[in-house]
Amino acid sequence: MKVPIKKASLVGGAALATLALAACTTSAPASEGPADGWVPEGNITMIVPFSVGGGSDMFGRAVAAGLEEVRPGINVTVENREGGSGTIGYSYFLEQEGDPHFLLPTETGLISGPARNSELLYDWQTFTPLGMLVDDVNWIVVSADSGWENFDDFVEDAKKLTADGKPITVGLPSADGTEAVPTHDLLEGLGIDVEPVVFDGGGETIPALLSGDIQAMVANAGEVAGQVEAGEFIPLIGYGETTIDEGAYDGVPTTGTAGYDVDLDFGQFRGVLAPPNVSAEAQQYYEDALKDWTETDSFAKYVESAGLTVKIRWGQDWQDYLNSLADEFVAVYGE
Amino acid sequence: MTMLRLRSSFGEIVIGTILIAIGTVWAVGAGGYGLLGEGGRLAPGTLPFACGVALAITGVFITAKTLFGARIDSDPDHELDESEAIATAESGAEQSAPDLGSGASDKTPVLTRLSTAARIRALPAAYPVGTVLLFLAVGLLLMPLLGFAISFALVIVAILRFVEKQALRTALLVGVVTSLFGFLLFEVLFNLPLPEPFFL
Amino acid sequence: MDTWSLILDGWNTAITPSNLLFCLIGVVVGTVIGLLPGLGSATGVALLLPLTLTMEPVTALIMLAGIYYGSQYGATISAVLIGTPGDSASLVTMFDGYPMAQKGRAGAALSSAAIASFIGGTVSLVLLMVAMPILSSFALKFGPPETVALAILAMLSVAGFAGSSLAKAIAMGLLGVIIATIGIDGQSAIPRYTFGQVELFGGLGLIPVLIGLVALAEVLRQLNQGEKKPLRAGWRDMMINKEELRRTWKPAGRGSLIGFFIGILPGAGATLASFISYEAERRSMKNGKKLLGTGMIEGVAGPESANNAAANGAFVPMLTLGVPGSATTAILLGAFMVFGVQPGPLLLTQEPTLVWGLILSFWIGNVILLVLNLPLAPLFAAILRFRYIFIYPAILLLCLAGAFSIQNRMWSVWIALGFAVVGFFMQRFSYPVAPLILGLVLGPLLEKGLDRSLAIAHGDPSIFLTRPISLTILILAFALFVGPTVLRFIRRKAKSPSTVDAALKSSVLEDSE
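Quantities reported herein were computed from a predicted structural model and do not represent experimental measurements. (Residues numbered from 1 in each chain as written. Chains lettered and ligands numbered in written order. Predicted model: local features only at pLDDT ≥ 70, side-chain atom pairs only at ≥ 80, totals over all residues. Heavy atoms only, no water.)

Student: I'd like a rundown of the overall build of chain C, residues and numbers included.
Tutor: When you go through chain C residue by residue, the secondary structure sums to 24 helices and two strands. Split into buried and exposed, the 513 residues of chain C put 68% on the buried side. Residue pairs in contact within chain C that sit at least 24 positions apart in sequence constitute 78% of those at least 6 positions apart. (Helix = DSSP H or I, 4+ residues; strand = E, 2+ residues; numbered from the N terminus. Buried < 20%, exposed > 50% of the residue type's maximum accessible area, 1.4 Å probe, protein only. Contact = heavy atoms within 4.5 Å.)

Below, the structure is given as structure tokens:
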């Protein structure tokens, strides 16, 4: 079977680690749900719209294990319905309208997919948002052999190369706007010509950067953790508001801290959706359960091993955030 | 033999035309995706356009060869090729004429001698391929209604009873055993996804 | 010598009775999963990974290795016995394995496959241990232009499947590429040829097409031919004989090397390796052009060893770079993280015992597979003693359920059924299936490679000729396929018809004349 390898396979184990942890702590103290509210009957199905091992899959599995951990007695099974950059899975999820026994680990594709393809029968407002939990920041990464030690070095050389008529080749893990748009916006804004090279996930991009076929790549921290730790790759700048002050990322600027005004300079948000028209009680049940999970050790461990940033947003707060992202996408795609 | 040859070349021409049509649709459709990328790069339409044009040309070639060629490819004595290598069940056995849809010339006389009811009853065995496909399609449509196990068992019973002319008892037995085997393998042993619901 | 003591360490921990037992369980379970069309080693490993989480790391890895190799072999069993290849890699084994089974040599085909797998596994693991650091730099030199060159080389091998009509083989190859363009394009993120249907956004999918085109179409063909007698072979006939054993070694050796080096290249894969190995056998055999595909044991042994060696080659990028070389290695990388290991360039220096333990347990998996399947092969082959009417209901079940379980949707089952009709007519009118599958597999590889290469070169197509490996492969492709045709054309003009015939026999490309 040829399963297309989506991005972030490297951190595949994070979710499984949480799974293992959850399996070990069957007697974990768990806060009970509201006494008279909605409780799930039977099995809950987590629809992952991407293949096994990708970032979405790991998040989905981590959430599934987390929910089972904080609500003993419930059973969450994960189903992968990959294909069409996630659209197949979302479309199937749409068909589960009104059934709170289905969940979906969502990401920026929820906004960018419908913004690009008008044929899709859903957009971000169609589904019931439960909560956003983490942010997966994208970084511009270069090889240590390049001699570029920070973003300023890179910009200086890249400008010279552009002047010589040589655009900078930048590897992107997908053709989705989330990586391409801010990269173009930031670098072209600085007077650098960008030649994008689109790959299928970080796994294919890493060898290209190592061999020097491309000069830089855009990746999230989990994807290049091994290379960064070995000192082979150097992160130059992140797309986002705040910095991560840990390990190799300590002191590395982000577009926000460096004061660049860049379109779509956010990473992948990761949150959980329920199908359309789910009762408010069920929504509340999951929101409480997710809240409980974010306070556990297994959540902290997942976030750390996958190189994520905790960004928790519930209810209206998340809606507003999604709305602002959608506005940015619409502004970029011009419709 | 001449009859077979005629029918064969008719089929060849139909397939050739289908290939031309697919190639044309792809080549024309590629225009909407951009044929050439910026600065010597590939556009989403480049490869589909090239392949579409090439397929259409190949289709024209195949059709023209059938129409005007001295020899057609489905001659029984032609060289062994891949699809028939797979088919070497009895190597050298000629591919016999009846196939799905087209009026199987050697069976029709038998059928016309029978009464209408008998003729209908004889149909499944005369056109096994078409019948099996039909049964399978009906079975798939019934799955959301009857569940995987029952609709699949029904399909098998129908095939064995009407196409293979087995005793009802044999048909039922094989149908149930096969469905049960599927249940054990997919549901019990590996918990793999199967069309829902499994039973009613 | 330090390395050797580490290897010995790994060996000692790997070879406890309980570990061997778990490996055995893994092989059996994997074989059963592999038997199901559409479910390959990636699914098998993913499915059983959670079970291994509570075990010791070495035990878990050994069991996973068993599942990995078991499921690959399982796919071979169903391809040979019932003409139902579970994935595109085992399709090639089917080209000769299935005709062998029809002639009553199923046991021999399966035994030869088991032996060839074992050789492929052993050769590749030895290479892996000896030359890992060198290989990783080789893997890095293999970028997008080289992938394009290799895809072109493999594409040209459709000529070998041409049979009576080269035009038909070319048409099917093009059709395969065309079918592969349906769905959201990975390079531009726009949907192509979806005609507004959201179901088509994900494409038709290789496996449902394969199941329909090959497995279901074969059932239809058998139906059309009418009932035939089940095989009446005795036990002795089910075993591999000396002559067949002798013919297994060389193809398996060639296949091992081809498979391993293609497997190293990230993303190139076992399918490509098995097709190229098949082409190599076609050229190595006397009269290979005519005989291969009629049930020659060389056509089973070569691709089968290539397939297995490629699977091991995929571990080079995984162990040295921390990037998955195949879908299964991607899942195994996940398993590493469960055991607290960070895959990446430091893995070999930080966790030598684990790496050697892993490699050795893979070899143990290969040994158990061989020991288990040599005696079992005749037993499996005994399935063919049943009448076909009792076998094909099970084939239908496996095909439909297998098609469904890949993406969890009825849509895939309908695709399989639709392509069963296509496949039936293709057989009827002598359109070869292999080029279509090859096009389906290679089309996306070619398109992505072209796009990336041209991007890297800023639109300059000379990149394919200025990089040494790419140039070498292209020259090879030209020498093997294009050259002989041109040469023959020139000769034909110059020489009399009788010598043309001789030239035809010796050359590979025969056109439809």
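Structure's up, so let's keep going.
Student: Could you give me a rundown of the overall build of chain A, with the residues and numbers involved?
Tutor: Within chain A one finds twelve helices and eleven strands. When each of the 335 residues of chain A is scored for burial, the buried share is 61%. Restricting the contact set of chain A to residue pairs at least 6 apart, pairs at least 24 apart contribute 79%. Approximately 12100 Å² of chain A is accessible, and the part contributed by carbon and sulfur atoms is 47%. (Areas by Shrake-Rupley, 256 points an atom, 1.4 Å probe, with all protein chains shown as cover.)

Student: Could you give me a rundown of helix α10 (residues 280-294) of chain A, with the residues and numbers involved?
Tutor: Residues spaced three or four apart along an α-helix face the same direction, because each turn holds 3.6 residues. Here α10 of chain A contains 15 residues, and its C-alpha end-to-end distance of 21 Å stays within 8% of the 21 Å for a straight helix at 1.5 Å per residue. Considered for burial, the residues of α10 of chain A that qualify are Ala282, Tyr285, Tyr286, Glu287, Ala289, Leu290, Asp292, Trp293 and Thr294 of chain A. (Expected span 1.5 Å × (residues − 1).)

Student: Quick rundown of the packing of aromatic side chains? Include the residues and the values.
Tutor: Counting across every chain of the model gives 31 aromatic pairs over all chains. Plain terms: the ring middles of phenylalanine 93 of chain A and phenylalanine 127 of chain A are 5.5 Å apart, the flat faces sit at 35° to each other, and that makes the pair tilted. Of this pair, phenylalanine 93 of chain A sits in helix α3 (residues 87-94) while phenylalanine 127 of chain A sits in the loop between α4 (109-116) and β4 (128-136), and the two are 34 residues apart along the sequence. Assessed through its relative accessible area of 4%, phenylalanine 127 of chain A is described here as buried. Residues tyrosine 68 of chain C and phenylalanine 362 of chain C carry aromatic rings whose centres are separated by 6.1 Å and whose planes lie at 50° to one another, so their mutual orientation is tilted. Taken together, the residues span a long stretch of sequence, with tyrosine 68 of chain C in helix α4 (residues 57-82) and phenylalanine 362 of chain C in helix α18 (residues 352-381) at a distance of 294 residues. Note on accessibility: tyrosine 68 of chain C and phenylalanine 362 of chain C belong to one class, buried. (Phe/Tyr/Trp six-rings, centres within 6.5 Å; stacked < 30°, edge-to-face > 60°.)

Student: Hey, could you go over the confidence of the model for chain C for me, with residue numbers and the actual values?
Tutor: Across chain C, the average pLDDT comes to 83, with 91% of residues at or above 70. In the predicted structure, residues 498-513 of chain C sits below a pLDDT of 50 and forms 26 contacts with residues beyond four places in sequence or in another chain. (pLDDT = per-residue confidence, 0-100.)

Student: How would you sum up the interface of chain B and chain C? Please name residues and give values.
Tutor: Listed by partner, the interface residues are 78 residues for chain B and 86 residues for chain C. Summing the contributions of chain B and of chain C, the shared interface buries around 7400 Å²; its carbon and sulfur component is 73%. At the boundary of chain B and chain C, one finds two salt bridges. Where chain B packs against chain C, one counts eight residue pairs in polar contact (both at pLDDT 80 or more). The set of elements that each furnish at least two residues to the side of chain B that touches chain C consists of α1 (2-30), α2 (46-68), α3 (82-86), α6 (128-146), α7 (148-163) and α8 (168-189) of chain B. No other element matches α1 of chain B, which puts 13 residues into the side of chain B that touches chain C. Split into classes, the residues belonging to the side of chain B that touches chain C amount to 49 nonpolar, 17 polar and twelve charged. (Buried area = accessible area lost by both parts, 1.4 Å probe. Salt bridge = Lys/Arg side-chain N within 4 Å of Asp/Glu carboxyl O. Polar contact = N/O pair within 3.5 Å; in protein donor to acceptor, adjacent residues only side chain to side chain. Nonpolar A, V, L, I, M, F, W, Y, C, P; charged D, E, K, R; others polar.)

Student: Can you break down the sheet that holds strand β3 (residues 102-106) of chain A residue by residue, with the values?
Tutor: Residue and element names in this part refer to chain A. Ordered in space as β2-β1-β3-β10-β4-β11, the six strands form an open sheet in which the pairing is mixed. The sheet terminates laterally at β2 (75-80) and β11 (309-314), the two strands that pair on one side only. Pairs of neighbouring strands in the sheet enclose a mean axial angle of 20°, with direction left out of account. Bridging between β4 and strand β10 (residues 268-274) involves seven bridges; their strand directions are antiparallel. Looking at β10, one finds that valine 134 is bridged to arginine 270. (Pairing = 2+ DSSP bridges. Axes fitted to C-alpha atoms, helices over the stretch in contact; angles between N-to-C directions.)

Student: Tell me about a negative patch on the surface, residues and numbers included.
Tutor: There is a patch of like negative charges on the surface, built from Asp245, Glu246, Asp250 and Glu304 of chain A. Looking at glutamate 304 of chain A, the relative accessible area reads 62%, which means it is exposed. (Patch = residues over 30% accessible without salt bridge, like charges linked within 9 Å, V, L, I, M, F, W, Y side chains within 5 Å. Lys, Arg positive; Asp, Glu negative; His and termini not counted. Charge placed at Lys NZ, Arg CZ, Asp CG, Glu CD.)

Student: So, the pattern of salt bridges: which residues are in play, and what are the values?
Tutor: Any two side chains of opposite charge can pair, so long as their charged atoms come close to each other. In the structure shown here, the tally under the stated rule is 20 salt bridges over all chains. A salt bridge links arginine 71 of chain A to aspartate 292 of chain A, with the shortest nitrogen-to-oxygen separation between them at 3.0 Å. Placement of arginine 71 of chain A in the loop between α2 (55-70) and β2 and of aspartate 292 of chain A in helix α10 is noted, with a sequence separation of 221 residues between them. For the pair formed by arginine 71 of chain A and aspartate 292 of chain A, the shared burial category is buried. The shortest N-O distance in the salt bridge between arginine 246 of chain C and glutamate 243 of chain C comes to 3.0 Å. Note that arginine 246 of chain C and glutamate 243 of chain C are positioned in helix α11 (residues 242-264) at a spacing of three residues, about one turn of the helix.

Student: Quick rundown of the side chain of glutamate 218 of chain C? Include the residues and the values.
Tutor: Tracing the chain through its elements places glutamate 218 of chain C in helix α9 (residues 206-225). Engagement of the side chain of glutamate 218 of chain C in a polar contact is seen with the side chain of tyrosine 98 of chain C, the distance being 2.7 Å.

Student: I'd love a proper account of the nonpolar core, names of residues and values included.
Tutor: Grouped together as the largest cluster of nonpolar side chains are 128 residues, with contacts concentrated most on Phe186 of chain B together with Leu319, Phe362, Tyr392 and Leu396 of chain C. Broken down by element, this core gets its largest block of residues, 16 residues, from helix α6 (residues 106-141) of chain C. If we ignore the near neighbours within four places in the chain, the residues touching leucine 396 of chain C are Leu136, Phe152, Ile156 and Ile159 of chain B together with Leu216 and Val219 of chain C. Ranked by size, the runner-up nonpolar core spans 102 residues in total, among them Cys51 of chain B together with Phe429, Leu440 and Leu446 of chain C. (Core = buried A, V, L, I, M, F, W, Y, C linked by side-chain atoms within 4.5 Å.)

Student: So, the confidence of the model for chain A: which residues are in play, and what are the values?
Tutor: Residue and element names in this part refer to chain A. In the predicted model, chain A carries a mean pLDDT of 82, and 88% of its residues have values of at least 70. Across chain A, element-level confidence peaks in β3 with a mean pLDDT of 95 and bottoms out in helix α1 (residues 12-24) with 39. The low-confidence segment residues 1-35, where pLDDT is below 50, has 95 contacts with residues more than four positions distant or belonging to other chains.

Student: Residues and numbers for a nonpolar patch on the surface, please.
Tutor: All names here are of chain B. A surface patch of nonpolar side chains, about 460 Å² in accessible area, is lined by Leu35, Leu36, Phe49, Val53 and Ile57. Along the chain, the position of isoleucine 57 falls in helix α2. A relative accessible area of 55% places isoleucine 57 in the exposed class.

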